[in-house]
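# Summary of the model geometry
Take a look at the letters that make up each chain.
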Amino acid sequence: MDEPVKHSATATAAQHSGAPALRVPVLVVGGSLVGLSTSLFLSRHGIPHLLVEKHSGTSEHPRGRGMNLRTMELFRVAGVEAEIREASAVLADNHGILQARGLLGDDGEWLFREIDPGGGHRAISPSGWCLCSQNDIEPVLDARSREYGADLRFSHELVSFEQDEEGVTGLVENRATGVRFSVRADYLVAADGPRSPVREALGIGQSGNGELFHNVSMTFTSRGLAEAVGDRRFIVCYLTSPGADGALLPVDNRERWVFHAPWHPEVGEPLEAFTDERCRDHIRAAVGVPGLDVEITGKAPWHAAERVAERYSSGRVFLAGDSAHEMSPTGAFGSNTGIQDAHNLSWKLAAVLKGWAGPGLLETYGAERLPVARATSARASARSAEHSHPGYAPGPTATTRRGNVLTVAMGYCYPQGAVAGADPGAPVVPDAMRITGAPGTRAPHLWVTRAGERISTIDLYERVPVLLCAEGSVWPEVAHQDAARLSVPLEVLTFGRGPDADLVPEEGADWSVAHGVEPGGALLVRPDGFVAWRAEGPVPAPGAAVAEALTTVLSLDTRSPEQEARMLDGAARPAAPAAPEGPAQAGDPSPSGV
């Protein structure tokens, strides 16, 4: 068991005496899928940071495979969607979930055959669902973050930390050399997994239904299995043969596979009972091919649970991903929710660090993401019950409501948080997809031409707030004036078909209808693509309306004098630490490329 991270002045005062060896704006703890996504998003915002991960490299086990539309939109805007699709090309034709007693014969039932059978997703998103395993995505995120200059250190572990009003000081150990050094950061992001030592050190509790079921994941090779599978290109096949149930997942559709078998430690079944021989026999019985060639190449236990942290932050420390929420893997909700946590938090950290938002903005992270996690984790458990996931025996009070998977995945909204004019009583997950441009919802997708290039409106949102309005309206002039007065880097874009329009919609498309405004209205969109505020039509004092919206959304009334001074001086980006002379050695605390 990992030693918990200590979080007390007495435990760390001696270790942290003197000046820290390294100074960065953000310290990210955990270098798995969510931690690496945090690194990429921070890098896109130009925020220097240090990421530490106790393991020696990225994941080697194929897991966390399904990336939903919203996550792929985020990777699209971050410039890595094409690379991720290339990494997952071998499974590009795999769709649907099959349930069968065995693979011989034709007694199986498709729980669904296609993710988007009617092609309706194209109307709401420029991206599509992607089947890409965590071990294939993580190297892409790692490489791209390093290209931006991120300092990513594997085989490095956070040993302890303490925080004060000005920042967080952590003690980091190089596990390869035993060398320890201190790191001083403005903020710490904990993406350190479901048994998060950082969350434990902060004393943040969890709520939910707790453990749901346990599985042992087996990677194996088999050339004969492809013949039994035939031309059925499924995402997963739930095999239901009594005494040999499990979930079969293709890795390359040819000879590499994964099998999840039920494990029952709650009745005393030891992990050691899963010998190679038992695993081979179980797989053969599950697929219904007694003499099947099976070579076990790896085994790893995993635990499905429904738990959500009671709060997402404590002072200058924030939780993201599995450290904040655990979900059943059915539906691939967990990893997607974690990546979306990272995206929500990253733009807010960047805005505060660059001085164009007040620190109160960071308080909206938990206000927005925690309700989403609660709703999503409940839906994930219900999905496991619907699919009769091997090993899961839902209790009498378990939810088994069908439908609304897409709505949970990308139709969620933020009734409260960094929004102005949203209905605070609205459900976090509505009963149906409604992409209407309402405050607190993800902004609509619309194909437009900008400077001769066809793009989606989703591509417009990443680094700064964007105000959308009609060509020839009064909004651009007054918005620029008030944004400049507030020292907010606002981008104003106009729709129209005239020579001065920034964005030209495709023939037959009406931007105002899509965004729920009259031609004289305007829409303020946050860097994460969520609508922050909307004027459905002309208003008496448009400049004052924009200023009030920006002040509310960005918590400008909490901005410190230091932030104000930084903006007035034009220092919108925190200074990067000076690079050391000569290359950094193993265990050297000097930053590499931050």
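For the structure, see preceding data.
Residues numbered from 1 in each chain as written. Predicted model: local features only at pLDDT ≥ 70, side-chain atom pairs only at ≥ 80, totals over all residues. Heavy atoms only, no water.

### So, the overall build of the protein chain
Across its full length, the protein chain carries 15 helices and 25 strands. Across the 594 residues of the protein chain, 56% fall into the buried class. Partitioning the contacts of the protein chain with sequence separation of at least 6, the portion at a separation of at least 24 is 71%. Accessible area for the protein chain stands at about 23800 Å²; split by element, carbon and sulfur atoms hold 49% of it. (Helix = DSSP H or I, 4+ residues; strand = E, 2+ residues; numbered from the N terminus. Buried < 20%, exposed > 50% of the residue type's maximum accessible area, 1.4 Å probe, protein only. Contact = heavy atoms within 4.5 Å. Areas by Shrake-Rupley, 256 points an atom, 1.4 Å probe, with all protein chains shown as cover.)

### Digging into the pairing of strand β19 (residues 447–450)
Examined bridge by bridge, β19 and strand β20 (residues 453–456) share 4 bridges and lie antiparallel to one another. Counted as the bridge partner of Thr449 is Arg454 from β20. Counting the residues between successive antiparallel strands, the hairpin from β19 to β20 contains 2 residues, one of them, Ala451, with a positive phi of roughly 50°. (Pairing = 2+ DSSP bridges.)

### As for the nonpolar core
One finds Leu467 and Trp533 to be the most contacted residues of the largest nonpolar core, which totals 98 residues. The leading source of residues in this core is helix α9 (residues 333–354), at 10 residues. The residues contacting Leu467, other than those within four sequence positions of it, are Trp475, Ala479, Leu490, Glu491, Val492, Leu493, Ala522, Leu523, Leu524, Trp533 and Val546. Core analysis: the next-biggest nonpolar cluster, separate from the first, contains 25 residues, Leu98, Phe234, Cys237 and Cys279 among them. (Core = buried A, V, L, I, M, F, W, Y, C linked by side-chain atoms within 4.5 Å.)

### Re the state of the cysteines
Using the criterion set out here, one finds 0 disulfides in the structure. Summary of cysteine pairing: Cys130 is not part of a disulfide, and the nearest cysteine sulfur, belonging to Cys132, is at 5.1 Å. (Disulfide = S-S within 2.5 Å.)

### Observations concerning the environment of Gly425
Within the element layout of this structure, Gly425 appears in the loop between α11 (405–410) and β19. When its relative accessible area of 60% is taken as the criterion, Gly425 is described as exposed. C-alpha of Gly425 to C-alpha of Pro415: the two residues are 10 residues apart in sequence and 6.7 Å apart in space.

### Overview of the side chain of His282
Position of His282 relative to the elements: it lies in helix α8 (residues 276–287). Within the structure, His282 has its side chain in polar contact with the backbone oxygen of Asp245 (distance 2.8 Å). The contacts of His282, once residues within four sequence positions are left out, are Gly243, Ala244, Asp245, Phe259, Ala261 and Pro262. (Polar contact = N/O pair within 3.5 Å; in protein donor to acceptor, adjacent residues only side chain to side chain.)

### Looking at helix α12 (residues 475–486)
Between its first and last C-alpha, α12 extends 16 Å over 12 residues, near the 16 Å set by a 1.5 Å rise per residue. Among all positions in α12, only Trp475, Pro476, Val478, Ala479, Asp482, Ala483 and Leu486 are buried. Contact partners of the buried residues in α12: β21 (466–470), β22 (491–495), β24 (522–525), β25 (531–535) and α14 (542–553). Downstream of α12 by a residue or two, Ser487 has a phi angle that is positive, lying close to 60°. (Expected span 1.5 Å × (residues − 1).)

### Focus on the packing of aromatic side chains
Applying the stated criterion to the full structure yields 10 aromatic pairs. Note on Tyr412 and Tyr414: the rings are 5.9 Å apart at their centroids and 50° apart in plane angle, and the pair reads as tilted. A relative accessible area of 2% places Tyr414 in the buried class. Taking 4.5 Å as the distance between ring centres and 25° as the angle between the ring planes, the aromatic pair formed by Tyr414 and Phe530 counts as stacked. Highlighted residues: Tyr414 in the loop between α11 and β19 and Phe530 in the loop between β24 and β25, separated in sequence by 116 residues. Through pairs of rings, three or more aromatic residues link up here, namely Tyr187, Tyr312, Phe318 and Tyr365. (Phe/Tyr/Trp six-rings, centres within 6.5 Å; stacked < 30°, edge-to-face > 60°.)

### Observations regarding the pattern of salt bridges
According to the stated counting rule, one finds 30 salt bridges in the structure shown. Put simply, Asp459 and Arg76 hold a salt bridge, and the shortest N to O gap is 2.6 Å. Of the two residues, Asp459 sits in the loop between β20 and β21 while Arg76 sits in helix α3 (residues 69–77), which places them 383 residues apart along the sequence. When its relative accessible area of 26% is taken as the criterion, Asp459 is described as partly exposed. Linking Arg463 and Glu462 is a salt bridge whose minimum nitrogen-to-oxygen distance equals 3.2 Å. Residue Arg463 is classed as partly exposed on the basis of its relative accessible area, which comes to 41%. Salt bridges linked by common partners bring Arg76, Glu81, Arg85 and Asp459 together as one network. (Salt bridge = Lys/Arg side-chain N within 4 Å of Asp/Glu carboxyl O.)

### Considering α9
The end-to-end C-alpha distance of α9, which contains 22 residues, comes to 32 Å, matching closely the 32 Å that a straight helix rising 1.5 Å per residue would cover. In terms of burial, α9 is a largely internal element, 22 of the 22 residues being buried. Two residues or fewer after α9 comes Gly355, characterised by a positive phi angle close to 95°.

### Quick notes on the sheet that holds strand β23 (residues 504–505)
Working definition: the strands of a sheet are paired by backbone hydrogen bonds and lie parallel or antiparallel to each other. Here we have 3 strands laid out as an open sheet, ordered β20-β19-β23, and antiparallel in their pairing. Both outer strands of the open sheet, β20 and β23, are each paired with one neighbouring strand and no more. In terms of strand pairing, β19 meets β23 through 2 bridges, oriented antiparallel. Its bridge partner being in β23, Val448 is matched across the sheet by Pro505.

### Digging into unusual backbone geometry
Generally, phi is negative for residues other than glycine and the peptide bonds are trans, each holding for most cases. With phi around 65°, Asn253 is a residue other than glycine that occupies positive phi space. When you line up the elements, Asn253 lands in the loop between β13 (246–250) and β14 (256–263). A relative accessible area of 12% means that Asn253 is categorised as buried.

### Looking at the pairing of β21
Buried residues dominate β21, accounting for 5 of its 5 residues. Burial along β21 is two-sided: the residues Val466, Leu468 and Ala470 and Leu467 and Cys469 are all buried. As judged from the 5 bridges shared by β21 and β22, these two strands associate in the parallel manner. Directly across from Cys469, in β22, lies its bridge partner Thr494. Handedness of the β-α-β unit built from β21, α12 and β22 comes out right-handed. Sheet topology places β21 next to β24; 4 bridges connect them, and they run antiparallel. Its bridge partner lying in β24, Leu468 is registered against Leu523. (Right-handed = clockwise from strand over helix to strand, strands pointing away.)

By themselves, these observations are geometric and do not establish any function.
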